[in-house]
Amino acid sequence: MADTVLQILLAEDDEQLAALVETTLESDSRFTVVGRARTGDEAVTLCARHTPDIVLMDISMPGLDGIEATSAIHGRDPEQHVVIYTGSDEYADVARAADAGAVGYLHKGALTSPDLAEALRVLHTNYLNRVPDPD
C-alpha cells in the first residue's frame, strides 16, 4: 500500500474549507481527490460513480446529512471506507457515525492541520488491517 495513491471523495458544503482540504490532499502524492460533493445526496451518487478508497464526509451536509449519506453509502457497499468529521465534541455524534458505518472520525479542526494527509493514511491502513479504534 505504500505506493498506492488513495482516491478521496470529499463531501463538504463550505467552498473555502473544501478548497483548502482539496489543495492539501492534492499536494501530497499519496492522494488524489476524485470528486467533491456539496450535499449528502451528491456524496452518495459520486461514491457509486467513483468508488473512492476513502469518503471524507462532513457530518452536517444539506439534503441527506453526513450520517444519512454514510448509511446510504453502506447500504450499497458495506466495505466503503467513510471517515466522518464534525466540529462537535459530542460522543453521541461519534456513536451515530459508527452506527451508520463510518470507520474513522476526525474533528473538523484536523482538516486544516498539516497532519491531515498522514491521519487519513493511518486511518485507511488501520481500516484495511481491521485495527479497532482505541476507546
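Residues numbered from 1 in each chain as written. Predicted model: local features only at pLDDT ≥ 70, side-chain atom pairs only at ≥ 80, totals over all residues. Heavy atoms only, no water.

A.B. asks: Can you walk me through the packing of helix H3 (residues 66-76) against helix H4 (residues 91-100) in this structure?
C.D. replies: For any two helices packed against each other, one specifies the inter-axial angle together with the distance between the axes. At their nearest, the axes of H3 and H4 sit 8 Å apart, and the two run at 20° to each other. With respect to their mutual orientation, H3 and H4 come out roughly parallel. At the point where H3 passes H4, the crossing takes the right-handed sense. The residues of H4 that touch H3, namely those facing Ile67, Thr70, Ser71 and His74, are Asp93, Arg96, Ala97 and Ala100. (Axes fitted to C-alpha atoms, helices over the stretch in contact; angles between N-to-C directions. Helix = DSSP H or I, 4+ residues; strand = E, 2+ residues; numbered from the N terminus. Parallel < 35°, antiparallel > 145°, perpendicular 65-115°, else oblique. Left-handed = near helix turned anticlockwise from the far one by under 90°. Contact = heavy atoms within 4.5 Å.)

A.B. asks: What exactly am I supposed to notice about the packing of aromatic side chains here?
C.D. replies: The relation between two aromatic rings is expressed through the spacing of the ring centres and the mutual angle of the planes. Tallied over the full model, the rule gives zero aromatic pairs. Geometry around Tyr127 places Arg130 over its ring, the cationic atom sitting 4.9 Å from the centre. (Phe/Tyr/Trp six-rings, centres within 6.5 Å; stacked < 30°, edge-to-face > 60°. Lys NZ or Arg CZ within 6 Å of the ring centre and 35° of its normal.)

A.B. asks: How do you make sense of the nonpolar core when you look at a structure like this?
C.D. replies: Across soluble globular proteins, nonpolar side chains show a tendency to be buried alongside one another. Judged by nonpolar contacts, the single largest core of 19 residues is most densely connected at Val21, Leu25, Leu56, Leu106 and Leu120. Going through the elements one at a time, strand E1 (6-11), helix H1 (15-26), strand E2 (31-37), strand E3 (54-58), strand E4 (81-86) and helix H5 (116-128) are the ones with two or more residues in this core. Leave out the neighbours within four places in its chain, and Leu25 touches Ile8, Phe31, Val33, Leu116, Ala117 and Leu120. Cys47, Ile73, Ile84 and Ala102 belong to the second largest nonpolar core, which has 18 residues in total. (Core = buried A, V, L, I, M, F, W, Y, C linked by side-chain atoms within 4.5 Å. Buried < 20%, exposed > 50% of the residue type's maximum accessible area, 1.4 Å probe, protein only.)

A.B. asks: I keep staring at the sheet that holds E1 and nothing clicks. Help me out?
C.D. replies: By definition, the strands of a sheet pair up through backbone hydrogen bonds, in either a parallel or an antiparallel sense. Taken together, five strands build an open sheet; the order of strands is E2-E1-E3-E4-E5 and the sheet is parallel. Of all strands in the sheet, those bounded by a partner on one side alone are E2 and strand E5 (105-107). Put simply, the sheet's adjacent strands are angled 25° from each other on average, direction ignored. Pairing analysis gives four bridges linking E1 to E3, with the strands arranged parallel. (Pairing = 2+ DSSP bridges.)

A.B. asks: What is the right way to read the side chain of Arg121 from this model?
C.D. replies: Considering the arrangement of structural elements, one finds Arg121 in helix H5. Of the buried charged residues, Arg121 lacks a salt bridge, with Glu118 as the closest side chain of opposite charge at 6.6 Å. Among the polar contacts listed, one links the side chain of Arg121 to the backbone oxygen of Thr4, at a separation of 3.2 Å. (Lys, Arg positive; Asp, Glu negative; His and termini not counted. Salt bridge = Lys/Arg side-chain N within 4 Å of Asp/Glu carboxyl O. Polar contact = N/O pair within 3.5 Å; in protein donor to acceptor, adjacent residues only side chain to side chain.)

A.B. asks: What is the right way to read the packing of H1 against H5 from this model?
C.D. replies: Between H1 and H5, whose axes approach to 9 Å, the crossing angle comes to 75°. In terms of axis orientation, H1 runs roughly perpendicular to H5. Taking contact as the criterion, the partners of Val21, Thr24 and Leu25 in H1 are, on H5, Leu116, Ala117 and Leu120. Here the contact of H1 with H5 is composed, by residue class, of five nonpolar, one polar and no charged. (Nonpolar A, V, L, I, M, F, W, Y, C, P; charged D, E, K, R; others polar.)

What is shown is where atoms sit, not what they do.
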